[in-house]
Every structure is written in C-alpha cells, then in structure tokens.
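Coordinates in review
The lines below spell out each chain.
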Amino acid sequence: MTTFCFYFSCCRDCSGQQEKYSCALLAHERRGELSWPSSAAGSEDRGERGPAARAARPRRGRSVRRDGRRRRALPGTRNAAPGRGTHPPQSRAAPGAMFPLWKAVLSESVLGYISWSLYHALPPMIYYFPLQTLALTGVEVFAVAFFSPIFLTIGPFWRLANNEYVLAFLRLTMVGSLASYHAPNASIRLLILAAGVSSSLLVQTVTWWSGNSLQRFIRIWGFMLGKIMLLVLRIWYTSLNPVWSSQVANTVILTIGFIAAVEQIHSGGDKRKQETNKTGNVIRETASHPHWFLSGIAFGSLMFLTLWIFGEVSLISRWAVSGHPHTGPDPNPYGGTVLLGLAHGLMLSFWSWSSIISFALFLIGLASSAGLLYLHTWSAAVAGNILGTFTMCVWPQLAGRFVSCPHPGKAMSTAMFAYVLELFFCVWCTAYKFVPGGVYIRESSHLLLGFIMLCIGVDFLTGPKKDLSSVFEVKSNQKPFFKRSKNYIKLLLWLLVGVGLLGLGLRYKTYQKKLGQGVPKRDFSAMIWPFRFGYDNEGWSNLEGSANLLNQTGADFITIIESDASKPFIGNHDPTMWLGERLGFYTDFGPSTRDHTWGIMALSRYPIVKSTHHLLPSPEGEIAPAISLTVNFTGKLVDFVVAHFGNEESHLLESCILEKQIAEQATSYIPREDLDRKLQAIAVSKLLKTSSKQVVFLGYITSAPGSRDYIELIKNGNVQDIDSTDQDRWCSYIMYRGVIRLGYARISHAGLSDSEVQMAKFRIPDHVDSYVDNDRIVTDPSQVPEDIHFNPRFGSYKDGHNYVPIHHFHMSTPKYFKRTN
C-alpha cells in the first residue's frame, strides 16, 4: 500500500507488532490525526528556528490534533515517549517501507524522464517553423512556455498551484502532452507541447519546494535519474527518443506515465494537507536568500549544459570527430564511456568535499570544457567524458542549493530565463545569418560554454559542500529512510547503465555484421539529397521514411546535406549514426558540430579509406562545409568531393523548395553573399583539381547552370556536368571526372524533405588514361542493359515537376547515356 506514512514508521518489533503499529499509524493518518513532518525550504517549520518557535513545538510523547487538543502519540511513532512500549527513534525502518520507497523512486524517475522529454522536444518544434522561411516567424514566442513558474511569484497563484486537485491536473496535463505525437499537424503539436512544458515546470516548482524532506529528496533525484533513463532509451532507439519516434512506444510510455502520475497523486504526494502551501506567505516574511538569483542562473545553466552536450551519448563523439582514418571514437560503442562518466559523476556527488577539493574539481571541469572545444579526436573525447563526470557530480549539490532558496517562483523563473537565453544564444551562433544581431555572436560557442562554466563554478564554490540529503537537515529518525532511498537510487542508476551498455553492445554487434556487404562490381551509383535534418514537411522527424527512400534508390554512395541534428534546437540526435546502422553503410560525419555548420553526412556501401573535413571561406554568410573522401570499391579507389555552399535567405528558399530554378529567374536578382560563393567555388575547384584522376562531385552550390560559380567548378576543377542539357537546376549538382556516366535521375521529395533527390550511375573504366565516355542521351530504358536501370519503383520517365505526394521520377528523367556508334 503506497503511502508516505511508511517512510516514517520506525517501529521494530516482533512479527505481529510491526504490522499492528504500521496499520494503526495508517489509520490515524487517514483520519487526519497525524500531520506530516516537514522541513521544506520556505515552509513554516523552516522559519521556526528561534526560541519562540522551539517553545511552541509540542513536547516529546505528545502530538496535536486538528482541533488543537493534545493527545498521546501512538506507541512506536516518532513522537512517542521512550520507555512506554516503544523503541528508540534510530531503530530500523519496517521492511514494509521498502516497496513504497521503491515505487516512489521509480515513479519519480519516470516522471523525470517525461519532463526531460518535453524540454528536449519543444525547441526543435519551435525551430521547425523558421526553418521553412529561413527567418524568424513569431512562433518563437512559444518559448515563453518555459517561463510559467513566474506566475508562482504571485501569492494567489502559488496557493492555487498547491491545491491538491490543481496539482493533480497539472501532473496529468504534463503526461498527457506526450500525446502531441499524434497531433494532426505541427501547429497543434506545438500548442500541446508548450502546455506540457508549462505544466511540467509548475509541477516541478511546487513539488520541489513542498512536502517533507524525503519526498523532495526523491523528486529531485528522480529528475536526475530521468535524464539517465532518457539517455538509455535513446541508446536502444539508436539516438532517438522513443516517445517521439514510434507510435507504439509513445502509447506505452504515455500509459506508464499516467500510472506513475496517478501513483504519486494517490500515494499522498499530492493529497497531503499542504502546510507548505503557505510558502507564499512565509516568503514575504523571510529575508531574501543572499544568492537566490545566482542559484537560479547556475541551475538554469546546468540544465542547458546537460541538454546541449549530454543530450545523447553520441554527441561527444560528434564534437570530437575528424576525417578518416583517424576519426576519433565512434559513437557506438564509445558512447558507453559517456554514459559511464555521467553515472560516476552522480556517484561522486554522494561524497562531501573540502573547499580545496571542490576548487580542484571545478578547475578540472573548466579545463575539460576547454579541451572539448579546442582539442581533437580522442583528446577532445576524453575531455568531454571528464566534463560529463563533473557536470553530473555538481547536479545534486546545485539542485539542493537551488531548492533552498526561499523564493520558488523567482528562483525557477530565473533558472528558465538563463536556460532559454542560452538556448537562443546557441541558435544565434550557427543561424547568425538569418537572425537579427547574429553577426555579433557568430561562431561564439566558446563564449557560451565559458559563461555556463562560470555560473556553475561560482555557485558550486560559494555554496556548502554537502550532498543533497544534508540540505534537508535530516533528523535522526528519518536517516534510515534516506539511507534506503540512496541505496535504491544507486541501484536503479546502475541498472539503467547496465541496460544502456547492453543496448550499445547489441547494436554494435548487429552493425558490424551488416558492414562490408557490397559485392565487387565496376558500376556504382551516387546520390545527393538536402535532408533538412530528417524533418518532413509536416514537422515530424521521419528517419524511417528516409531510410526506406535511400534503400529503394540502391545508391552505393550517398551524401546528405543539412544533416547535423546534434544541436539542442534541432533534436540532439544523430541521423548519421541512425542511417548508417539501419542501412549497414560506412559513415562520415563532418565537420565537427562545434564548427557551427549545418553538417554533411556521407554514407558508403564500401569502405571509406580516407577523408578530410573542410570549412569553406565564408566571410559574410553561414559557414559552408565540405568533405573530400576516397572510397574503395573492391580494389578500385574513387575520390568524392561533397560540399554545401552558403544560402541566400530571400529568393533561394522559394527557388529550391518549389524547384523553379529557371535561368531567367536566377539572373533577376543579385545574391547577398556573392563573395562567399565566389570564394567557396574557388576552394572547391582546387579540391577537385588536386583529387585523383577519378572523382565525383556532389554539391549544393546554389547557382544556376552557366553561372560564374558553375563555370569555376567545371573549368578550374576539371570536371564535367552529369547532364549539361538540364537547365532547370539551382541547388544540387553532380559532376565527375575519370569515370563513365551511365544514368541520371531526379526523384521528387513527396513531402519527405523540401528538396528532391538527384542520383547518377557511373562505371569505373579499366584504363583511366584511355577510355571513351558515353556522349548520347536516351530516355528509353530498353536501349541500355537492364543492370543499369534505375529502380522502377519510382515510375518511368516524366517531364516537368511531380506534384503527386509520392516519390517519382520527374524533371525529364531518368536519362541514360550511350556511346555514339
């Protein structure tokens, strides 16, 4: 039977007596004759520390009824006088208390996972709308959902939120907002998510500052364990959060969440008489905490750091990544070291440290943050793991200091202000070309991380060096329950870590079996697709649909533009790893996510021998990435150069999304980033020129056929266009040298992205110095061998655009190439 009265039943007797006393306690509590012991920060007993307050407290052996009269306490309870058939207060808790404690820890961990899932989901949902227009849309105002705790600074709102029925409603709203996954469109989903985030923060504020010490201790630890649970579930779903990636998983988690919420409501967590509801009144009578503002900024910064860099165990690898063969640690299996580092950080938090040790820990954390930014490959990854250990190590202490502030609404509002401000700063660092004032903070992640570490360090070093239970000033008769709770927390933590490591191991074994399955052949196909981070035109992450499309094309080498979703405002996940494992392809992620690009992904059915990541010249616009690679097609080496030139924010979007790339339109305006494109085309042409004799270029160059940049690539890069007769292009291009062209196709996006797929088929000649390329275009597939046909799944030759929402050949393709007799 779940009730928090078991938390404080300290009776120890022979078999029958324990049940007798526990049942009697429960019966009296249900009749309202026993009140909860509470040491909540900001509650009435927190203010009652003077002599008058101590004199007003009932004497030992007595308790006070609701009508004000004294009555003798039950034998075996905390107020019973010793020597009257009772046991000492320090006696061990009854075994019956173990199960309710377990349920409380598990329920709060599930609710913590749901809160973290909501906090992770809202920023990408907001970002989806400006992603359509490459400009602010006004939807960003939904970020005010994070500021809901500001209402709790008003006394009537605080008392209303503390009402047991209102609090129960907020809990259920928080859990119910997971159903936003089933919303019919992105706008409704955004509204539901915003309501869920607001409700979650209100519940978090009220429950962290209300209730007895043990309840609050378990709630805060449940939030931290919820973060670990999120990471573990993302391991099993290959970087995705199952609640946002699978209808079945969403329904299951929604059901479990409702059970956990109802359990907390029914168990007494929300049904208690809320003496701590008077916090609003007491706050007005209590002197302001000297560091409530600092604690709020530090806690918000800590939350954002945990989201930004440790939102998924693969992110550290993506910060540290470099080209082949020295890429640094792969996300799988080395993401397990990140999980272990975070877990060990939480274990270290149970210790108390001297000021000297605390200062040394902060210096280590500060140095590791710098190492993650400026070191490379394995050195950067090690620094990131150390930073993860430091981050989780300070979580309980900063959280305990945070909830010691006597102004719940102000403290949480300040924390969320810091959190949202840092989140927007992170957006501005990369999307600086499309936001006001972005030019002043472009590529300034070092300033953001430095500010975060400063805020955390000041609060960490100036606060008391205590573990979380010490913050609540645990009384002697409650210590057995805190001790048991700590044991259950540690056990659940390592159970989660074990499940996570098992998931990584199974995934790694499966992935290794899939690799190297490419059969020896002379022909290969290559494709390019502007991916838009895996979000379809309805705002849903659709990696499953993307994998199906890529698999159906049969491409051997794939480059995907706009693929770095490791940023917190895009989703904190790793599509490169997901697609690589699903398709069984070798992968190259680049450049590093700390380089402020939108990312390029390379997938290859055949081994990648070497690769180099490049940052193209971008003095005015967004940072343009490129990768040069060499792929081993069963003994034949072919080079690839893939690149994403800068975007023009006004006309380009319309041209690319609607694919109205008419040359006359292309010359009707002057690009705002003309210098960027000129320098980027020169840089890429040099890469092509210095590549081997056999090279394929797949690029998103945002210029019309015949334009200055197009000619730069063709002439100075010494390559040929796959189809120079195709004038209806603006974004994606395929060029080549030293291989024989066989076919060319354009496949409509069908709403899966905002851009089409382009692909080409090539043959590796036996003698690169003496071969003849195919120079004749045919559209009848019967005129070429069947083994070079494109997949008939995409239909047949079609002129013009395909507006039907299915993937289909269009724009006068597919075309095949033959040699003129």
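Above this text is the structure in question.
Residues numbered from 1 in each chain as written. Predicted model: local features only at pLDDT ≥ 70, side-chain atom pairs only at ≥ 80, totals over all residues. Heavy atoms only, no water.

Here we look at the sheet that holds strand β15 (residues 776-778)
Read across the sheet, eight strands follow the order β5-β6-β4-β3-β14-β13-β16-β15 without closing on themselves; strand pairing throughout is mixed. In this open sheet, the two strands that pair with only one neighbour each are β5 (586-590) and β15. Each strand of the sheet is rotated relative to its neighbour by a mean of 15°, with strand direction disregarded. Examined bridge by bridge, strand β13 (residues 740-747) and strand β14 (residues 757-763) share seven bridges and lie antiparallel to one another. Along β14, the bridge assignment pairs Gly-743 with Lys-761. In this fold helix α20 (residues 543-553) packs onto β3 (523-530), β4 (557-561), β6 (600-604), β13 and β14, with an angle of close to 150° to the strand it touches most, β3. (Pairing = 2+ DSSP bridges. Helix = DSSP H or I, 4+ residues; strand = E, 2+ residues; numbered from the N terminus. Axes fitted to C-alpha atoms, helices over the stretch in contact; angles between N-to-C directions. Contact = heavy atoms within 4.5 Å.)

Focus on the sheet that holds strand β7 (residues 608-616)
Spatial ordering of the open sheet is given by β7-β8-β9-β10-β12-β11, a layout of six strands whose pairing is mixed. Strand pairing shows two members of the sheet lacking a second neighbour, β7 and β11 (720-721), which therefore form its edges. For strand β10 (residues 695-700) and strand β12 (residues 732-737), the ladder comprises six bridges, and the chain directions are antiparallel. Residue pairing for β12: Tyr-700 is matched across the bridge by Ser-732. Against the sheet, helix α25 (residues 708-716) contacts β10, β11 and β12, and its axis sits at roughly 15° relative to β12.

Section: the environment of Glu-581
Residue position: Glu-581 is located in helix α21 (residues 575-583). Classification of Glu-581 as buried rests on a relative accessible area of 10%. As a C-alpha pair, Glu-581 and Tyr-508 span 73 residues in sequence and 8.6 Å in three-dimensional space. Setting aside chain neighbours within four positions, we find Glu-581 in contact with Thr-238, Asn-332, Arg-507, Tyr-511 and Lys-514. Reaching out from Glu-581, the side chain makes a polar contact with the side chain of Arg-507 at a distance of 2.8 Å. (Buried < 20%, exposed > 50% of the residue type's maximum accessible area, 1.4 Å probe, protein only. Polar contact = N/O pair within 3.5 Å; in protein donor to acceptor, adjacent residues only side chain to side chain.)

Quick look at the packing of aromatic side chains
The geometry of an aromatic ring pair comes down to the distance between the two centres and the angle between the two planes. Considering all chains together, one arrives at 41 aromatic pairs under this definition. An angle of 5° between the planes, with centres 4.3 Å apart, marks the rings of Phe-299 and Phe-402 as stacked. Residue Phe-299 is located in helix α11 (residues 292-308), and its partner Phe-402 is located in helix α15 (residues 377-403); the two are separated by 103 residues in the primary sequence. A relative accessible area of 0% means that Phe-299 is categorised as buried. Here Phe-524 and Phe-640 contribute two aromatic rings whose centre-to-centre distance is 6.0 Å and whose plane-to-plane angle is 75°, an arrangement assigned as edge-to-face. Of the two residues, Phe-524 sits in strand β3 while Phe-640 sits in strand β9 (residues 636-644), which places them 116 residues apart along the sequence. Comparing Phe-524 with Phe-640, the two get one shared label, buried. (Phe/Tyr/Trp six-rings, centres within 6.5 Å; stacked < 30°, edge-to-face > 60°.)

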